[in-house]
Amino acid sequence: MNDIDLTIILPVKNQEENIRKNMNSIIDYAKRRDIKLIAVENDSRDRSLKLLEEYRNANVEVLDLITYKNGKGKGEAIKRGILAATTKYAAFMDIDLSVPLSYSDDAIALLDRYDIIIGDRYSNRATRRKLNRLVESKVYNGIVRALFNTEIDDHQCGFKFFNREKIAKLIRYVKDDRWFFDTELLVLARRLDLSIYQLPVSYSDTSSSTLSSFDMVYFLKSIIEFKIRLGKTLCDIRSNV
Ligand SMILES: Nc1nc2c(ncn2[C@@H]2O[C@H](COP(=O)(O)OP(=O)(O)OP(=O)(O)O)[C@@H](O)[C@H]2O)c(=O)[nH]1
Ligand SMILES: [Mg+2]
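From a predicted model like this one, the values you see are computed outputs, not experimental measurements. (Residues numbered from 1 in each chain as written. Chains lettered and ligands numbered in written order. Predicted model: local features only at pLDDT ≥ 70, side-chain atom pairs only at ≥ 80, totals over all residues. Heavy atoms only, no water.)

Peer 1: How would you sum up the nonpolar core? Please name residues and give values.
Peer 2: In terms of nonpolar packing, the biggest core is built from 40 residues, with I82, I116, I167, L170 and L188 touching the most fellow members. At seven residues, helix α8 (residues 216–240) tops the list of elements feeding residues into this core. Counting 39 residues, the second-largest nonpolar core is a separate cluster that includes L6, A39, L52 and A91. (Core = buried A, V, L, I, M, F, W, Y, C linked by side-chain atoms within 4.5 Å. Buried < 20%, exposed > 50% of the residue type's maximum accessible area, 1.4 Å probe, protein only. Helix = DSSP H or I, 4+ residues; strand = E, 2+ residues; numbered from the N terminus.)

Peer 1: How would you explain a negative patch on the surface if you had to name every residue and give the values?
Peer 2: Among the surface-exposed residues, D3, D5, D34 and E165 lie close enough to one another that they form a single negatively charged patch. On the secondary structure map, E165 appears in helix α6 (residues 164–171). (Patch = residues over 30% accessible without salt bridge, like charges linked within 9 Å, V, L, I, M, F, W, Y side chains within 5 Å. Areas by Shrake-Rupley, 256 points an atom, 1.4 Å probe, with all protein chains shown as cover. Salt bridge = Lys/Arg side-chain N within 4 Å of Asp/Glu carboxyl O. Lys, Arg positive; Asp, Glu negative; His and termini not counted. Charge placed at Lys NZ, Arg CZ, Asp CG, Glu CD.)

Peer 1: Can you tell me about the pairing of strand β1 (residues 6–12), naming the residues and giving the values?
Peer 2: Look at any regular strand and the pattern is simple: side chains alternate between the two faces of the sheet. For β1, the buried fraction is high: seven of the seven residues fall into the buried class. Burial along β1 is two-sided: L6, I8, L10 and V12 and T7, I9 and P11, pointing in opposite directions, are all buried. Relative to strand β4 (residues 89–93), β1 runs parallel, the two being bridged by four bridges. The partner of L6 across the bridge, within β4, is Y89. Where β1 and strand β2 (residues 36–42) come together, six bridges link them in parallel fashion. (Pairing = 2+ DSSP bridges.)

Peer 1: I'd love a proper account of the sheet that holds β1, names of residues and values included.
Peer 2: Within a sheet, adjacent strands bond to each other through the backbone by hydrogen bonds, running parallel or antiparallel. If you walk across this open sheet you meet the seven strands as β3-β2-β1-β4-β6-β5-β7, and the pairing is mixed. In this open sheet, the two edge strands, each paired with only one partner strand, are β3 (63–68) and β7 (196–200). Neighbour to neighbour, the strand axes of the sheet diverge by 20° on average, direction disregarded. Bridging between strand β5 (residues 116–120) and β7 involves five bridges; their strand directions are parallel. Its bridge partner being in β7, G119 is matched across the sheet by L199. (Axes fitted to C-alpha atoms, helices over the stretch in contact; angles between N-to-C directions.)

Peer 1: Summarise the side chain of R121; cite the residues concerned and give the values.
Peer 2: The topology assignment puts R121 in the loop between β5 and α5 (131–148). On the basis of relative accessibility, which here comes to 5%, the residue R121 falls in the buried class. Within the structure, the side chain of R121 is placed 2.7 Å from the side chain of D154, a separation counted as a polar contact. If near-sequence neighbours (up to four positions away) are discounted, R121 is found in contact with T127, R129, S137, D154, Q156, C157, V201 and Y203. (Polar contact = N/O pair within 3.5 Å; in protein donor to acceptor, adjacent residues only side chain to side chain. Contact = heavy atoms within 4.5 Å.)

Peer 1: Which residues make up the environment of K130, and what values go with them?
Peer 2: Among the secondary structure elements, K130 is positioned in the loop between β5 and α5. Judged by relative accessible area, K130 falls into the partly exposed class, the value being 44%. Taking the C-alpha atoms as reference points, K130 and T206, separated by 76 residues in sequence, lie 9.6 Å from one another. For K130, the contacting residues outside a window of four places in its chain are D205 and T206.

Peer 1: Could you give me a rundown of the pattern of salt bridges, with the residues and numbers involved?
Peer 2: Within the structure shown, the criterion is met by 15 salt bridges. With its nearest N and O atoms 3.0 Å apart, the salt bridge here joins K74 to D94. Here D94 lies in the loop between β4 and α4 (103–110) and K74 lies in helix α3 (residues 74–84), a separation of 20 residues in the sequence. Overall, the relative accessible area of 16% leaves K74 in the buried class. Its relative accessible area of 22% is what places D94 among the partly exposed residues. Where R133 meets E136, a salt bridge forms, and the shortest distance between an N and an O atom there is 3.5 Å.

Below is the structure:
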(Lines give C-alpha, C1' and ligand atoms only; values in the text may rest on other atoms or scores of the structure.)
(Ligands and ions follow the chains in the order given, each with its own letter.)
Protein backbone atom coordinates (compact mmCIF):
# COMPACT_ATOMS: atom_id res chain seq x y z
CA MET A 1 0.00 0.00 0.00
CA ASN A 2 1.26 3.52 -0.86
CA ASP A 3 2.10 5.92 1.94
CA ILE A 4 -0.79 8.10 2.93
CA ASP A 5 -0.83 11.61 4.37
CA LEU A 6 -2.80 10.58 7.45
CA THR A 7 -2.86 11.21 11.20
CA ILE A 8 -4.63 8.73 13.48
CA ILE A 9 -5.93 10.33 16.67
CA LEU A 10 -6.06 8.11 19.74
CA PRO A 11 -8.27 9.52 22.52
CA VAL A 12 -7.12 8.22 25.88
CA LYS A 13 -8.62 8.42 29.33
CA ASN A 14 -7.84 5.73 31.88
CA GLN A 15 -6.55 3.25 29.30
CA GLU A 16 -3.44 1.90 31.02
CA GLU A 17 -4.27 -1.71 30.26
CA ASN A 18 -5.06 -1.09 26.59
CA ILE A 19 -1.97 1.05 26.08
CA ARG A 20 0.17 -1.83 27.35
CA LYS A 21 -1.72 -4.30 25.22
CA ASN A 22 -2.09 -2.45 21.91
CA MET A 23 0.24 0.54 21.62
CA ASN A 24 3.11 -1.45 20.12
CA SER A 25 0.97 -2.85 17.32
CA ILE A 26 -0.53 0.57 16.60
CA ILE A 27 2.94 2.16 16.41
CA ASP A 28 4.23 -0.66 14.17
CA TYR A 29 1.25 -0.24 11.89
CA ALA A 30 1.81 3.54 11.67
CA LYS A 31 5.54 3.12 10.98
CA ARG A 32 4.94 0.63 8.19
CA ARG A 33 2.62 3.04 6.38
CA ASP A 34 4.29 6.31 7.32
CA ILE A 35 1.19 7.43 9.22
CA LYS A 36 1.34 9.93 12.11
CA LEU A 37 -0.26 9.26 15.49
CA ILE A 38 -1.50 11.77 18.03
CA ALA A 39 -2.57 10.47 21.43
CA VAL A 40 -4.87 12.97 23.18
CA GLU A 41 -5.03 12.32 26.90
CA ASN A 42 -6.88 14.14 29.65
CA ASP A 43 -7.81 13.65 33.26
CA SER A 44 -6.71 10.02 33.61
CA ARG A 45 -6.58 8.69 37.14
CA ASP A 46 -4.33 5.77 36.24
CA ARG A 47 -0.82 5.65 34.69
CA SER A 48 -2.01 6.33 31.12
CA LEU A 49 -0.17 9.66 30.82
CA LYS A 50 3.10 8.28 32.16
CA LEU A 51 2.95 5.34 29.76
CA LEU A 52 2.07 7.54 26.78
CA GLU A 53 5.02 9.80 27.58
CA GLU A 54 7.31 6.77 27.54
CA TYR A 55 5.96 5.58 24.20
CA ARG A 56 6.16 9.10 22.76
CA ASN A 57 9.78 9.54 23.91
CA ALA A 58 10.75 6.25 22.30
CA ASN A 59 8.89 6.97 19.04
CA VAL A 60 9.01 10.74 18.54
CA GLU A 61 9.09 10.39 14.78
CA VAL A 62 5.64 8.81 14.68
CA LEU A 63 3.82 9.56 17.95
CA ASP A 64 2.80 12.97 19.24
CA LEU A 65 1.09 13.56 22.58
CA ILE A 66 -1.42 16.21 23.60
CA THR A 67 -2.36 16.29 27.26
CA TYR A 68 -4.49 18.63 29.35
CA LYS A 69 -6.85 18.66 32.30
CA ASN A 70 -10.27 20.24 31.90
CA GLY A 71 -12.85 17.60 32.71
CA LYS A 72 -14.15 17.59 29.12
CA GLY A 73 -14.89 14.42 27.19
CA LYS A 74 -13.97 12.41 24.12
CA GLY A 75 -15.42 14.97 21.67
CA GLU A 76 -13.04 17.64 22.95
CA ALA A 77 -10.10 15.24 22.58
CA ILE A 78 -10.98 14.45 18.95
CA LYS A 79 -11.47 18.13 18.11
CA ARG A 80 -8.06 18.99 19.53
CA GLY A 81 -6.47 16.14 17.61
CA ILE A 82 -8.06 17.11 14.30
CA LEU A 83 -7.05 20.75 14.70
CA ALA A 84 -3.50 19.85 15.75
CA ALA A 85 -2.92 17.46 12.85
CA THR A 86 -1.32 18.85 9.70
CA THR A 87 -2.00 15.98 7.31
CA LYS A 88 -4.54 15.88 4.49
CA TYR A 89 -6.47 13.08 6.18
CA ALA A 90 -7.26 12.30 9.81
CA ALA A 91 -8.87 9.40 11.63
CA PHE A 92 -9.73 8.40 15.16
CA MET A 93 -10.03 5.02 16.77
CA ASP A 94 -10.30 3.54 20.25
CA ILE A 95 -7.12 2.21 21.75
CA ASP A 96 -8.84 -0.97 22.94
CA LEU A 97 -9.03 -1.85 19.20
CA SER A 98 -12.66 -2.86 19.63
CA VAL A 99 -12.62 -2.31 15.85
CA PRO A 100 -9.59 -4.35 14.70
CA LEU A 101 -6.70 -2.35 13.24
CA SER A 102 -6.91 -4.32 10.00
CA TYR A 103 -9.99 -2.32 8.95
CA SER A 104 -7.80 0.77 8.65
CA ASP A 105 -6.44 -0.48 5.34
CA ASP A 106 -9.98 -0.72 3.97
CA ALA A 107 -10.79 2.80 5.17
CA ILE A 108 -7.54 4.24 3.80
CA ALA A 109 -8.26 2.76 0.39
CA LEU A 110 -11.51 4.77 0.28
CA LEU A 111 -10.12 8.13 1.38
CA ASP A 112 -9.57 9.49 -2.11
CA ARG A 113 -13.22 8.76 -3.02
CA TYR A 114 -15.14 9.89 0.08
CA ASP A 115 -14.89 12.82 2.51
CA ILE A 116 -15.79 10.65 5.48
CA ILE A 117 -15.56 6.91 6.09
CA ILE A 118 -17.34 5.64 9.19
CA GLY A 119 -17.25 2.23 10.80
CA ASP A 120 -20.66 0.56 10.64
CA ARG A 121 -20.89 -2.16 13.28
CA TYR A 122 -24.36 -3.29 12.36
CA SER A 123 -23.72 -4.46 8.80
CA ASN A 124 -21.06 -6.90 9.93
CA ARG A 125 -22.09 -10.29 11.23
CA ALA A 126 -18.93 -10.65 13.30
CA THR A 127 -19.97 -7.76 15.59
CA ARG A 128 -20.51 -8.79 19.20
CA ARG A 129 -22.34 -6.26 21.35
CA LYS A 130 -23.80 -6.53 24.81
CA LEU A 131 -27.58 -6.65 24.52
CA ASN A 132 -28.17 -3.44 26.48
CA ARG A 133 -25.64 -1.50 24.35
CA LEU A 134 -27.18 -2.92 21.16
CA VAL A 135 -30.72 -1.89 22.09
CA GLU A 136 -29.66 1.57 23.28
CA SER A 137 -27.64 2.13 20.17
CA LYS A 138 -30.38 0.98 17.78
CA VAL A 139 -32.95 3.23 19.47
CA TYR A 140 -30.54 6.17 19.44
CA ASN A 141 -29.63 5.72 15.76
CA GLY A 142 -33.31 5.37 14.84
CA ILE A 143 -34.19 8.66 16.55
CA VAL A 144 -31.29 10.51 14.89
CA ARG A 145 -32.20 9.11 11.47
CA ALA A 146 -35.85 10.11 11.87
CA LEU A 147 -35.10 13.64 13.05
CA PHE A 148 -32.12 14.50 10.85
CA ASN A 149 -32.64 12.27 7.82
CA THR A 150 -29.03 11.11 7.81
CA GLU A 151 -29.61 7.58 6.44
CA ILE A 152 -26.71 6.46 8.65
CA ASP A 153 -26.97 3.20 10.59
CA ASP A 154 -24.23 3.77 13.14
CA HIS A 155 -23.48 7.40 14.07
CA GLN A 156 -21.36 6.58 17.09
CA CYS A 157 -18.76 4.02 16.11
CA GLY A 158 -15.38 5.13 17.47
CA PHE A 159 -13.69 4.41 14.14
CA LYS A 160 -13.87 7.22 11.62
CA PHE A 161 -11.66 8.53 8.82
CA PHE A 162 -11.88 12.00 7.28
CA ASN A 163 -10.64 14.38 4.72
CA ARG A 164 -9.18 16.49 7.54
CA GLU A 165 -8.97 19.67 5.51
CA LYS A 166 -12.76 19.61 4.94
CA ILE A 167 -13.66 18.48 8.43
CA ALA A 168 -11.47 21.04 10.21
CA LYS A 169 -13.74 23.75 8.77
CA LEU A 170 -16.83 22.14 10.34
CA ILE A 171 -15.43 21.01 13.64
CA ARG A 172 -15.48 24.40 15.32
CA TYR A 173 -19.24 24.46 14.84
CA VAL A 174 -19.63 21.16 16.70
CA LYS A 175 -20.74 22.14 20.18
CA ASP A 176 -20.80 18.87 22.11
CA ASP A 177 -17.53 17.80 23.70
CA ARG A 178 -18.57 14.37 24.97
CA TRP A 179 -20.43 11.58 23.16
CA PHE A 180 -22.74 13.52 20.82
CA PHE A 181 -19.93 15.24 18.88
CA ASP A 182 -19.71 12.72 16.03
CA THR A 183 -23.47 12.68 15.49
CA GLU A 184 -23.35 16.48 15.18
CA LEU A 185 -20.45 16.30 12.77
CA LEU A 186 -22.16 13.69 10.57
CA VAL A 187 -25.44 15.62 10.42
CA LEU A 188 -23.60 18.82 9.45
CA ALA A 189 -21.54 16.94 6.87
CA ARG A 190 -24.68 15.39 5.32
CA ARG A 191 -26.42 18.76 5.11
CA LEU A 192 -23.38 20.28 3.44
CA ASP A 193 -23.26 17.44 0.88
CA LEU A 194 -20.01 15.86 1.99
CA SER A 195 -19.79 12.23 0.90
CA ILE A 196 -19.99 9.57 3.61
CA TYR A 197 -19.19 5.88 3.21
CA GLN A 198 -20.36 3.33 5.77
CA LEU A 199 -17.69 0.65 6.06
CA PRO A 200 -18.88 -2.58 7.71
CA VAL A 201 -16.52 -3.32 10.61
CA SER A 202 -16.53 -6.00 13.25
CA TYR A 203 -16.67 -4.78 16.82
CA SER A 204 -16.57 -6.35 20.22
CA ASP A 205 -17.41 -4.59 23.46
CA THR A 206 -14.46 -4.62 25.80
CA SER A 207 -14.53 -4.19 29.55
CA SER A 208 -12.73 -0.84 29.36
CA SER A 209 -15.75 1.37 28.77
CA THR A 210 -15.69 4.84 30.36
CA LEU A 211 -19.35 5.28 29.47
CA SER A 212 -20.65 3.19 32.36
CA SER A 213 -24.32 3.58 31.51
CA PHE A 214 -25.89 4.96 28.38
CA ASP A 215 -27.20 8.36 29.44
CA MET A 216 -30.43 8.64 27.45
CA VAL A 217 -31.36 11.95 29.13
CA TYR A 218 -28.07 13.51 28.00
CA PHE A 219 -28.49 12.16 24.48
CA LEU A 220 -32.11 13.30 24.13
CA LYS A 221 -31.23 16.75 25.48
CA SER A 222 -28.32 16.95 23.02
CA ILE A 223 -30.54 15.89 20.10
CA ILE A 224 -33.23 18.46 20.92
CA GLU A 225 -30.78 21.33 21.45
CA PHE A 226 -29.00 20.46 18.22
CA LYS A 227 -32.28 20.29 16.28
CA ILE A 228 -33.11 23.79 17.53
CA ARG A 229 -29.76 25.35 16.58
CA LEU A 230 -29.13 23.37 13.36
CA GLY A 231 -30.60 25.93 10.92
CA LYS A 232 -28.56 28.79 12.34
CA THR A 233 -25.39 26.68 12.50
CA LEU A 234 -25.74 25.77 8.82
CA CYS A 235 -26.25 29.45 7.91
CA ASP A 236 -23.13 30.38 9.90
CA ILE A 237 -21.08 27.68 8.19
CA ARG A 238 -22.31 28.59 4.71
CA SER A 239 -21.50 32.25 5.22
CA ASN A 240 -17.99 31.48 6.49
CA VAL A 241 -16.73 28.55 4.43
N1 LIG B 1 -8.98 12.04 25.88
C2 LIG B 1 -10.13 11.45 26.22
N3 LIG B 1 -10.43 10.22 25.76
C4 LIG B 1 -11.61 9.68 26.15
C5 LIG B 1 -12.52 10.34 27.01
N6 LIG B 1 -13.59 9.52 27.20
C7 LIG B 1 -13.35 8.39 26.50
N8 LIG B 1 -12.15 8.49 25.87
C9 LIG B 1 -11.53 7.47 25.02
O10 LIG B 1 -12.42 7.15 23.99
C11 LIG B 1 -12.38 5.75 23.72
C12 LIG B 1 -13.79 5.17 23.81
O13 LIG B 1 -14.24 5.22 25.13
P14 LIG B 1 -15.24 4.13 25.71
O15 LIG B 1 -15.44 4.45 27.14
O16 LIG B 1 -14.78 2.76 25.36
O17 LIG B 1 -16.59 4.49 24.96
P18 LIG B 1 -17.35 3.76 23.78
O19 LIG B 1 -16.46 2.76 23.13
O20 LIG B 1 -17.97 4.81 22.94
O21 LIG B 1 -18.54 3.09 24.54
P22 LIG B 1 -18.64 1.60 25.14
O23 LIG B 1 -19.65 0.92 24.27
O24 LIG B 1 -19.15 1.81 26.52
O25 LIG B 1 -17.28 0.98 25.12
C26 LIG B 1 -11.41 5.14 24.71
O27 LIG B 1 -10.19 4.89 24.05
C28 LIG B 1 -11.28 6.20 25.79
O29 LIG B 1 -10.01 6.21 26.35
C30 LIG B 1 -12.17 11.64 27.48
O31 LIG B 1 -12.88 12.27 28.24
N32 LIG B 1 -10.97 12.13 27.06
MG1 LIG C 1 -15.42 1.22 24.13
